[in-house]
Amino acid sequence: MPVSDPHFPAAHLRPPANWINDPNGLVFHDGHYHVYFQYNPHSARHADMHWGHFRSPDLLHWELLPVALVPTPGGDDEGGVWSGNAVSTDGGLIAFYSAKRDDRWWQPVASAVSHDGGLTFAKHPGLLVPQPAEGTSMFRDPYVWRDGDRWRMLVGAGLADGRGAAQQYLSDDLEHWEYAGPFLARAPEPLPGGADTEEGWECVQYADFGDGRGVLLLSAWDPQGGASHSAAYPGRDHGLHFAADAPQRLDHGPEFYAPALLHAPDGRWLMWGWVWEARDAVQVGAPSTWTDEVGWAGMLSLPREVTLGPDGSVRQCPARELDALRGRPALRAKGQVTAGAPDTLGVTGRSFDLTARLHRGAAGGAAAGLRLVTSPDGSEYLDLALDAATGELVVDRAHASGEPRARGGSWRIPRTTEPGGFAELRVIVDRSVAEIFLGTGEALTLRFYPLGEEPWHLQARATGPGTTEFEAQVWQLNPLGIQDRSDRHGRPA
């Protein structure tokens, strides 16, 4: 970790320097969780994509290993080894990825096999899917899974008629693939918060929850603005097509994208996403002076458990293994708070795990909130509060950094309060990132860049007239155990 950079995370996966983005190739193989990721080993800019590699036996103790996949000069992937996934087979570990070249607009599907536990890969000669289907205007990011005796592949796409799509291919041997048409194709549909599912879909992934029920994940790509946000379609799998229900916003924050799935040995669906920066870049992936200065950009989210509720809601919570990162209790408080009279609860530290219950009174009454104060004079703070009028959770970072190059703004999670007028939440803060989870299964991820020195303090506050109730408990968050077994350029140490 760069000791001089207080914004570098302690409990989120990323290498010591340079650019990272999408999680790739998430798989359990030979007793380890493998998390590959998009990685530029040469700078903190979005270019020169390789597959970096972490592995762990337990999601707590990790090894950063040498780079696993490298572009081949003059080859089909000379412009980068871009996103995809991996499957574990009796013959080894097979990675599927997008092969990029600057002389074509699509990214055909390529593959590589590892026979040493995922450390090194031999690329398959040629391309598995060299051309997209007719009428396709965007094509990248394969996702492969076993379905009985056959293999299925989805590829993210945009169609010439303006629909986003997950194109489907079938195979008996993982080498020869037959186009089966769109698994799902939809014109842009509205999502809570004002966004929509966009005209192009990246990083499509599928979670099978049994009895035909499943969830299609996608990352919404705006033709003008690029990477935007993530969404999910619950529905039913009919083999050659997916009968989707209404789409849902997967994460309500501004800095969560490209979620990828891992089917754990115990049957759980785990998910990591790319958490990008909120610094001075004009848009995601553009050059950033601030990022160049610090020498790193992006991180992977905490691992999340994904479930499908009986009502069709896609629900998330931190992977249960993360409870073991809780260290010494930092504070515990319960009481009432009145608007205009904040209550300072105690010191948190820069990385912590918080659980809270925030109450909202009757219509027109007070609603509880929390403020993380990160400067001695109280001018720098991050707010999490219930909206007294709607009951929605609002996260506001307008005052979260004294650095003028940090992005501001506020975000909210719709339909927050449960029957009884309260919201249960868990918030994991790790230096410059907050991942917020509601008891009802929604999530919100955002970045913020405090300049204030410790100690940081937590306050209980109220909005609206009158008094309301709150509960909060905070633990120190211990760092992940990461053993670096590669140098900065991916060569064996």
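Here's a quick rundown of the structure. In this convention, every chain numbers its residues from 1, walking through the sequence in written order. Under the rules for a predicted model, residues below a pLDDT of 70 receive no local features and side-chain atom pairs below 80 are neither given nor counted, while totals for whole chains, interfaces and linings still include all residues. Processing note: side-chain calculations cover all non-hydrogen atoms of the structure and skip hydrogens and water entirely.

Once that is clear, we can look at the overall build of the protein. Numbered from the N terminus, helices here are DSSP runs of H or I no shorter than four residues, and strands are runs of E no shorter than two. When its secondary structure is counted, the protein shows one helix and 36 strands. Compactness check: the protein gives a C-alpha radius of gyration of 22 Å against a globular reference of 23 Å for 493 residues, within 12% of the reference. Seen through its C-alpha atoms, the protein measures out along the principal axes to roughly 70 × 50 × 40 Å. Exposure categories follow from relative accessible area, calculated using a 1.4 Å probe and restricted to protein chains: below 20% of the type maximum is buried, above 50% is exposed, and the middle band is partly exposed. Looking at the protein residue by residue over its 493 residues, the buried ones come to 60%. Two things to know: the radius of gyration comes from C-alpha atoms, and the globule rule equals 2.2 Å times the number of residues to the power 0.38.

Attention now goes to the nonpolar core. Side-chain atoms within 4.5 Å are what join buried Ala, Val, Leu, Ile, Met, Phe, Trp, Tyr and Cys residues into a set we call a nonpolar core. Within the largest apolar cluster, 38 residues are counted, with the highest numbers of intra-cluster contacts made by Leu-345, Leu-393, Leu-425 and Ile-436. Every residue pair with non-hydrogen atoms within 4.5 Å of one another is taken to be in contact. Those residues in contact with Ile-436 that sit more than four places away from it in its chain are Leu-384, Leu-393, Val-395, Leu-425, Arg-426, Val-427, Glu-442, Ala-443, Leu-444 and Leu-446. Core analysis: the second largest hydrophobic core is formed by 29 residues, Ala-166, Ala-207, Val-215 and Val-306 among them.

Another aspect to go through is the pairing of strand S26 (residues 351-359). The buried fraction of S26 amounts to seven of the nine residues, a majority that puts the element mostly inside the structure. Sheet analysis places S26 next to strand S31 (residues 422-430), joined by nine bridges and oriented antiparallel. What sits directly across from Phe-352, in S31, is Val-429. Both S26 and strand S35 (residues 467-477) contribute to a ladder of seven bridges, which runs antiparallel. Bridge pairing in S35 places Thr-355 opposite Gln-473. Any two strands are treated as partners once DSSP identifies two or more bridges connecting them.

The side chains of a regular strand alternate between the sheet's two faces. Counting buried positions over the 10 residues of strand S14 (residues 213-222) gives eight, a clear majority of the element. In this structure, strand S13 (residues 200-208) lies alongside S14, joined through seven bridges in antiparallel fashion. Its bridge partner lying in S14, Asp-208 is registered against Gly-214. Hairpin connection between S13 and S14: a loop of four residues separates the two successive antiparallel strands, and Gly-210 in this loop has a positive phi of roughly 85°. Relative to strand S15 (residues 226-237), S14 runs antiparallel, the two being bridged by 10 bridges. When the bridges of S15 are listed, Ser-219 appears paired with Ser-230. In this antiparallel pair of consecutive strands, S14 and S15, the connection spans three residues.

Turning our eyes to something else, we now look at the sheet that holds strand S11 (residues 164-171). Picture the strands of a sheet paired through backbone hydrogen bonds; they go either parallel or antiparallel. Sheet architecture is open: four strands sit in the order S9-S10-S11-S12, paired in antiparallel fashion. Both outer strands of the open sheet, strand S9 (136-147) and strand S12 (178-186), are each paired with one neighbouring strand and no more. Pairwise comparison of adjacent strand axes, ignoring direction, gives a mean angle of 25° for this sheet. Two elements, strand S10 (residues 150-159) and S11, share eight bridges in a ladder whose sense is antiparallel. The axes used here are C-alpha line fits, helices contributing only the stretch in contact, and every angle between their N-to-C directions lies in the interval 0 to 180 degrees.

Let us look at the packing of aromatic side chains. Under the pairing criterion, centres of Phe, Tyr and Trp rings, with the six-membered ring standing for Trp, must be within 6.5 Å; the plane angle then separates stacked pairs below 30 degrees from edge-to-face pairs above 60, leaving the rest tilted. Using the criterion set out here, one finds 23 aromatic pairs in the structure. Note on Tyr-36 and Phe-121: the rings are 5.9 Å apart at their centroids and 75° apart in plane angle, and the pair reads as edge-to-face. Here Phe-121 lies in the loop between strand S7 (109-114) and strand S8 (122-123) and Tyr-36 lies in strand S2 (residues 32-40), a separation of 85 residues in the sequence. What makes Phe-121 buried here is its relative accessible area of 15%.

The next subject is the sheet that holds S26. The six strands lie next to each other as S24-S35-S26-S31-S32-S33, forming an open sheet whose pairing is antiparallel. Each end of this open sheet is capped by a strand with a single partner; those strands are strand S24 (326-338) and strand S33 (443-447). Sheet twist, expressed as the average angle between the axes of neighbouring strands with direction ignored, equals 15°.

Moving on to the side chain of Asp-353. Here Asp-353 shows up in strand S26. A distance of 2.7 Å separates polar atoms of two side chains, one belonging to Asp-353 and the other to Arg-426. Filtering out sequence-adjacent residues up to four positions away, Asp-353 remains in contact with Arg-326, Arg-426, Val-427, Ile-428, Gln-473, Val-474, Trp-475 and Leu-477. N or O atoms within 3.5 Å of each other form a polar contact, as long as, within protein, one can give a hydrogen and the other can take it, and as long as residues adjacent in sequence are counted only when both atoms are side-chain atoms.

Moving on, we get to the pattern of salt bridges. When their charged atoms lie close together, side chains carrying opposite charge are able to pair. Any carboxyl oxygen of Asp or Glu that lies within 4 Å of a side-chain nitrogen of Lys or Arg is treated as forming a salt bridge with it. In the structure shown here, the tally under the stated rule is 34 salt bridges. A salt bridge links Arg-268 to Glu-305; the nearest nitrogen and oxygen atoms lie 2.8 Å apart. With Arg-268 in the loop between strand S18 (257-263) and strand S19 (269-275) and Glu-305 in strand S22 (residues 304-308), this pair connects stretches of sequence that are 37 residues apart. Summarising the burial analysis for this pair, Arg-268 and Glu-305 share the class buried.

Glancing now at unusual backbone geometry. For the peptide bond that leads from Glu-454 to Pro-455, omega is 10°, which places it in the cis range. The phi torsion at Asp-141 lies on the positive side, around 75°, for a residue other than glycine. Within the secondary structure layout, Asp-141 lies in strand S9. For Asp-141, a relative accessible area of 4% gives the class buried. A positive phi is found at Arg-431, a non-glycine position, where the angle reads about 70°. Checked against the element boundaries, Arg-431 lands in the loop between S31 and strand S32 (433-438).

Attention shifts here to the environment of Phe-209. In this structure, Phe-209 sits in the loop between S13 and S14. Given a relative accessible area of 25%, Phe-209 falls into the partly exposed group. Put simply, Phe-209 and Arg-268 are 59 residues apart on the chain and 9.5 Å apart in space, counted from C-alpha to C-alpha. Beyond its immediate sequence surroundings of up to four residues, Phe-209 is in contact with Gly-214, Val-215, Trp-269, Val-306, Thr-307 and Leu-308.

Within the secondary structure, Arg-350 sits in the loop between strand S25 (343-347) and S26. From its side chain, Arg-350 meets the backbone oxygen of Gly-452 in a polar contact 2.8 Å long. Apart from the residues lying within four places of it in its own chain, the contact partners of Arg-350 are Pro-6, Val-429, Asp-430, Arg-431, Gly-452, Glu-453, Glu-454 and Trp-456.

Side chains of Asp-149, Asp-172, Asp-173 and Glu-175 sit close together on the surface and give a patch of like negative charge. Along the chain, Asp-149 turns up in the loop between S9 and S10. Patches here are clusters of residues that have more than 30% relative accessible area and form no salt bridge, with a 9 Å joining cutoff for like charges and a 5 Å cutoff for nonpolar side chains (Val, Leu, Ile, Met, Phe, Trp, Tyr). Every accessible area reported is derived by Shrake-Rupley at a probe size of 1.4 Å, with residue values counting cover from the shown protein chains alone. His is not counted, nor are the chain ends; Lys and Arg add positive charge and Asp and Glu add negative charge. For charged residues, the charge sits on one atom: NZ in Lys, CZ in Arg, CG in Asp, CD in Glu.

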